[in-house]
Every structure is written in structure tokens, then in C-alpha cells.
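# Understanding the architecture of this molecule
What follows is the residue order along each chain.
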Amino acid sequence: NAGVTQTPKFRVLKTGQSMTLLCAQDMNHEYMYWYRQDPGMGLRLIHYSVGEGTTAKGEVPDGYNVSRLKKQNFLLGLESAAPSQTSVYFCASSYDAGLSTGELFFGEGSRLTVL
Amino acid sequence: LAKTTQPISMDSYEGQEVNITCSHNNIATNDYITWYQQFPSQGPRFIIQGYKTKVTNEVASLFIPADRKSSTLSLPRVSLSDTAVYYCLVGAHLGTGGFKTIFGAGTRLFVKA
């Protein structure tokens, strides 16, 4: 039982390049999320999904796109990377906990540097 | 929009009880309060969640006053392995209204021998 797995764990990009971060969960969770973590700012929600084939914007969605073609996978794409997107990205998943945020299960993070 | 404020850092000694308070003055009626622990190079890990009053599990207690404008995470008898960053989160699933999570900037707890 691996939980939430993110790939790659590290990546360096040049400004304008594109890339995709992959998140996979094996807990059969309905909900999946992408966060970014920057020093002194906690975690901020980029996009989320409440089920296969659905996506929605979070707090900081600009410059990112997502897809959830399979229940267990949630992809985060950067079409044209910018230095401001240098960050640590965390994927999380959770079961349906009604109105509460439930327990978020996080991956180990993907450190992205944009030069 | 709710904003969460917590102390930047705290020091403690092994065996002591540690209380970390989070301020969330603009908390909404639907919001739940959750605390996470994070070690270096790892993702945050769930500690405890509550809506009001007191919640206790095997590792921590969460105290929420009646006005819900703050919350306090209590860690009994900390050990060196509790050295980590602790995050307060306010948020809710709002059905068609979306999903909201507001994380605090984190409190770095350092436990000394």
C-alpha cells in the first residue's frame, strides 16, 4: 500500500518549458488535490477534483491545468513555466467526509525549480 | 475569507505538554479546523480535526472555544521525534460551492532533550 505517489520528485525547467506532474493514489479516494508550498506561506490549493472526469479551481489556479481521466490519477500541468512557479508541489487525496475537509493524505512532494 | 495565524516557532523540552494556538477570526459557519504535522522532505500528516468544543485522539487534543475564532492543539509529553512544523487548517467541502482550505504558515516546534 503506497498511499499517494508523486513523480518526478525533482525537476529543473527553463522559463517557457512545459511539464506534467503525476499523482497516483491506491486508496480508492474520490477526492484529489494539488497544492503548492512556498516558504512562510503554508500550502495553497491550486486545483482539485471530486471524482473521475471532474476538476475545479482552487486558490491559485493561474498558470496550471489539471486532468483526472482515471480515479487513481491526478495530473498537474505547467504549459509555460515561469520563475514564480518555483515551489514544492504536493498532491493529496481524501475520502468523501461530507462537509468537512476530511483527512488529507499527502504525497512526499515534487520540488520544481524554474530558471 | 478566513485567515489563519499561528506563532512562527516554539521551543519545548522532552516530557512537557505543548500548546500551539491558531487564530482564525473570520472562520465561517461551515468551516472545520484541522491540524497537520510535517517533517522535512515529507508531506503533511493529519493529526486531529474538530468543529467545536474538545476533540481527543491517541496523539493530541484539540480545544475550540465557543466562538471558534481560535483553536489550540495540545501535545502531551512531547519527545524529540515531535520536532516538526505544525499547520493549522480551516476549511470545508461546500458541495457545489467548492472546496476551501486555508492553511496557516506553520509553527516550527523544536523539542530539546
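Up top is the structure these notes are about.
Keep in mind the model is a prediction, meaning the values are calculated, not measured. (Residues numbered from 1 in each chain as written. Chains lettered and ligands numbered in written order. Predicted model: local features only at pLDDT ≥ 70, side-chain atom pairs only at ≥ 80, totals over all residues. Heavy atoms only, no water.)

## Side note on the overall build of chain A
When helices and strands are counted, chain A shows 0 helices and 11 strands. Along chain A, from the amino end to the carboxyl end, the secondary structure elements read β-β-β-β-β-β-β-β-β-β-β. Dimensions along the principal axes, computed over C-alpha positions, put chain A at roughly 40 × 30 × 25 Å. A total of 115 residues make up chain A; the buried ones form 50% of that total. As displayed, chain A offers around 5400 Å² of accessible surface, 53% of which is attributable to carbon and sulfur atoms. Separation between the mean location of the 10 positive side-chain charges and that of the 10 negative ones in chain A comes to 9 Å. (Helix = DSSP H or I, 4+ residues; strand = E, 2+ residues; numbered from the N terminus. Buried < 20%, exposed > 50% of the residue type's maximum accessible area, 1.4 Å probe, protein only. Areas by Shrake-Rupley, 256 points an atom, 1.4 Å probe, with all protein chains shown as cover. Lys, Arg positive; Asp, Glu negative; His and termini not counted. Charge placed at Lys NZ, Arg CZ, Asp CG, Glu CD.)

## Notes on the sheet that holds strand S3 (residues 19–25) of chain A
All names here are of chain A. Across the sheet, 4 strands lie side by side as S1-S3-S8-S7; this open sheet has antiparallel pairing. The open sheet is flanked by strand S1 (4–7) and strand S7 (65–67), the only strands paired with a single partner. Averaged over all pairs of adjacent strands, the angle between strand axes in this sheet comes to 20°, irrespective of strand direction. Of the strand pairs in this sheet, S3 and strand S8 (residues 73–78) are connected by 6 bridges, and their pairing is antiparallel. Paired with Thr20 across the two strands is Gly77, which belongs to S8. (Pairing = 2+ DSSP bridges. Axes fitted to C-alpha atoms, helices over the stretch in contact; angles between N-to-C directions.)

Any link to function would need more than the numbers given here.
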